[in-house]
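One-letter residues, chain by chain:
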Amino acid sequence: MENTEKQYWYWLSKVEEVGIAMRKKLLQAFGSVREIFQAKEKALIGTGITQKAVCALLHPKYREGVFEEFHKLQDRDIYFVTKDEEKFPKRLRPLGDCPDFLFYRGKLPPEEIPAVAVVGARECSVYGRGIARMLAGELAGAGVAVISGMARGVDGHAQAQALKYGKSYAVLGCGVDVCYPLENFSLYEELCAKGGILSEYPPGVPGLPYHFPVRNRIISGLVDGLVVVEARKKSGTLITVECALEQGKDVFAVPGRIGEPLSEGCNDLIRQGACLVTGSADILEELMRHYPKAANLKKFEKNEFLLEDAEKIVYAYLRLEPRHIEEILLHVDYPLPELMEILFSLEAKGAVYSPAGNYYALTAPTC
């Protein structure tokens, strides 16, 4: 049985020495990936690509068993799509550096609904965590797909909350069968089951430092707007912002306190013209103004916690910033054993959480 062009694309996807620019040169010279596969060394050298790339294209390690390997992808719940196929994400097609192919688990982001990226600091504050969760949860609940990089910090918290109310998709800087970072394994599994995991890197490829700036163009390319929640003045998050601006996407930023390093990036973005975010309504309003697909957005109905009277009193005192139980005792009229029972009950209802021993904070803002 003759191999298809898609199978040859799979072979080329594995040749890590050949990037987008070289693939473009090769296609201009040979017309199809099949012809590239069949080309001899002299013809490959004539295209002007590097000797290292020529050797890689001819190397047996990329050729032996590659087509059998392709047929086994779906047995591993991994799917491969090229930009020549109808189901390839349309939002990516206009990009000058549009990926030639994608691997994915779960599903690809739907075309019919708006999409927003929520990104930010890996070492986020408790406040940033709460804001990321609030915005992502409310956007997802309103019918917006939340896309991010499944990174530690803002990205992971935003996607975990989005999955509780709607759809979320992650773009990785490694193979889709690699969970990076490993601490987000439960989120990775949930995204595979309820949303999707995407990457332009073949299965088995580890998360290398230089992969992440490259994958950021796909995150911004898949969305209608980018929301930044906490970022240092020089951070990887701002690389995604640059990609979004180059692609003509709206950039939103959550303001932060003056003097806080994690606030400097967002405050600078606002000074430079980014949309200031005080809540999900600011983002939804812009989406409905600029994007026809946003017309079907529904109003997010906040899931109010059903609290007993004593729980309401303790809940009203808590904030996003963690408070020690001794501090809480000074402001509520309950003995320690009863206060502990109330806090445990609030935790069970998902209203509060304990980031460290005897410290408690809200899971999301009360406003």
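Look a little higher up for the structure.
*Asks:* How do you make sense of the overall build of the protein chain when you look at a structure like this?
*Replies:* What the protein chain contains, in helices and strands, is 17 helices and 12 strands. Dimensions along the principal axes, computed over C-alpha positions, put the protein chain at roughly 85 × 40 × 40 Å. A burial count over the protein chain gives 53% of its 367 residues as buried. Long-range contacts, defined here as pairs at least 24 residues apart, represent 69% of the contacts in the protein chain between residues at least 6 apart. Positive and negative side-chain charges of the protein chain, numbering 44 and 49 respectively, have mean locations separated by a distance of 6 Å.

*Asks:* Sorry, what's going on with the packing of helix α11 (residues 211-221) against helix α12 (residues 237-246) here?
*Replies:* For any two helices packed against each other, one specifies the crossing angle of their axes together with the interaxial distance. The N-to-C vectors of α11 and α12 enclose an angle of 50°; their axes lie 8 Å apart at closest approach. Between α11 and α12, the crossing angle belongs to the class labelled oblique. Considering the relative orientation of α11 and α12, their crossing is right-handed. Facing α11, whose interface residues are P213, N216, R217, I219 and S220, α12 presents I239, T240, C243 and A244. Residues belonging to the contact of α11 with α12 are distributed by class as follows: 5 nonpolar, 3 polar and 1 charged.

*Asks:* What is the right way to look at the pattern of salt bridges in this model?
*Replies:* Pairing between side chains of opposite charge can happen when their charged atoms approach one another. Here the structure, examined in full by the defined rule, presents 18 salt bridges. For R257, the salt bridge is made with E260, and the minimal N-O distance between the two is 3.8 Å. Among the residues examined, R257 registers a relative accessible area of 57% and is labelled exposed. The class of E260 is partly exposed, set by a relative accessible area of 34%.

*Asks:* Explain the sheet that holds strand β12 (residues 359-362) here, please?
*Replies:* Paired through backbone hydrogen bonds, the strands of a sheet run either parallel or antiparallel to each other. The sheet built from 3 strands is open, its strands ordered β10-β12-β11 with antiparallel pairing. Each edge of the open sheet is held by one strand with a lone partner, namely β10 (323-324) and β11 (352-356).

*Asks:* Can you help me understand the pairing of strand β3 (residues 115-120) in this one?
*Replies:* On a regular strand, each side chain points to the face opposite its neighbour's, so the side chains alternate between the two faces of the sheet. Most of β3 is tucked away, with 6 of its 6 residues classed as buried. In β3, alternate side chains face the same way, and those of A115, A117 and V119 on one face and V116, V118 and G120 on the other are all buried. In terms of strand pairing, β3 meets strand β4 (residues 145-148) through 3 bridges, oriented parallel. By the bridge assignment for β4, A115 is matched with A145. Handedness of the crossover joining β3 and β4 through helix α8 (residues 126-141): right-handed. Judged from the 5 bridges that link them, β3 and strand β7 (residues 225-229) form a sheet pairing that is parallel.

*Asks:* Where do I start with the sheet that holds strand β2 (residues 101-106) in this structure?
*Replies:* Taking strand neighbours across the sheet as the criterion, the 9 strands line up as β1-β2-β6-β5-β4-β3-β7-β8-β9 in an open arrangement whose pairing is mixed. Looking at the sheet topology across the chains shown, the edges are occupied by β1 (79-82) and β9 (275-276). In this sheet, strand β5 (residues 168-171) lies alongside β4 in parallel orientation, the contact comprising 3 bridges. Across the sheet, the residue bridging to S148 is A170, located in β5. The strands touched by α8 within the sheet are β3, β4 and β7, with β7 carrying the most contacts at an inclination of about 155°.

*Asks:* Where do I start with helix α5 (residues 51-58) in this structure?
*Replies:* An α-helical segment advances 3.6 residues per turn. Residues three or four places apart therefore align on the same side. Restricting attention to buried positions, one finds in α5 the residues A53, V54, A56 and L57. Each buried residue of α5 sits inside an arc of 165° when the element is viewed along its axis, so together they form one side. Along its buried surface, α5 packs onto α1 (5-13), α2 (20-30), α4 (41-45) and α6 (60-63).

*Asks:* So what exactly am I meant to see when it comes to the side chain of E200 here?
*Replies:* Along the polypeptide, E200 turns up in the loop between β6 (196-199) and α11. In this structure the side chain of E200 is engaged in a polar contact, spanning 2.7 Å, whose partner is the side chain of R217. The residues contacting E200, other than those within four sequence positions of it, are I20, P99, F101, L102, F103, V214, R217 and I218.

*Asks:* I tried to follow the nonpolar core on my own but got confused; where do I start?
*Replies:* The tendency in soluble globular proteins is for nonpolar side chains to be buried side by side. Core analysis: the biggest nonpolar cluster contains 47 residues, and V118, L135, V229, I283 and V314 have the highest contact counts within it. No other element matches the 7 residues that α8 contributes to this core. Membership of the second largest hydrophobic core comes to 39 residues, among which are W11, L44, F70 and L191.

*Asks:* Which parts of the structure should I look at to understand the packing of aromatic side chains?
*Replies:* Centre-to-centre distance and the angle between the planes together describe a pair of aromatic rings. Applying the stated rule across the entire model yields 15 aromatic pairs. Ring centres of Y10 and F80 lie 5.8 Å apart, and the angle between their planes is 80°; on these two criteria the pair is classed as edge-to-face. Separated by 70 residues along the polypeptide, Y10 in helix α1 and F80 in strand β1 bring together distant segments of the chain. No difference in accessibility class separates Y10 from F80, as the two residues are buried. Aromatic side chains W11 and F37 sit 4.9 Å apart centroid to centroid with 90° between the ring planes, which places their arrangement in the edge-to-face category. Of the two residues, W11 sits in helix α1 while F37 sits in helix α3 (residues 33-38), which places them 26 residues apart along the sequence. According to the relative accessible area criterion, W11 is buried, its value standing at 0%.

About the cut-offs
- Residues numbered from 1 in each chain as written.
- Predicted model: local features only at pLDDT ≥ 70, side-chain atom pairs only at ≥ 80, totals over all residues.
- Heavy atoms only, no water.
- Helix = DSSP H or I, 4+ residues; strand = E, 2+ residues; numbered from the N terminus.
- Buried < 20%, exposed > 50% of the residue type's maximum accessible area, 1.4 Å probe, protein only.
- Contact = heavy atoms within 4.5 Å.
- Lys, Arg positive; Asp, Glu negative; His and termini not counted.
- Charge placed at Lys NZ, Arg CZ, Asp CG, Glu CD.
- Axes fitted to C-alpha atoms, helices over the stretch in contact; angles between N-to-C directions.
- Parallel < 35°, antiparallel > 145°, perpendicular 65-115°, else oblique.
- Left-handed = near helix turned anticlockwise from the far one by under 90°.
- Nonpolar A, V, L, I, M, F, W, Y, C, P; charged D, E, K, R; others polar.
- Salt bridge = Lys/Arg side-chain N within 4 Å of Asp/Glu carboxyl O.
- Pairing = 2+ DSSP bridges.
- Right-handed = clockwise from strand over helix to strand, strands pointing away.
- Arc of directions from axis to C-beta.
- Polar contact = N/O pair within 3.5 Å; in protein donor to acceptor, adjacent residues only side chain to side chain.
- Core = buried A, V, L, I, M, F, W, Y, C linked by side-chain atoms within 4.5 Å.
- Phe/Tyr/Trp six-rings, centres within 6.5 Å; stacked < 30°, edge-to-face > 60°.

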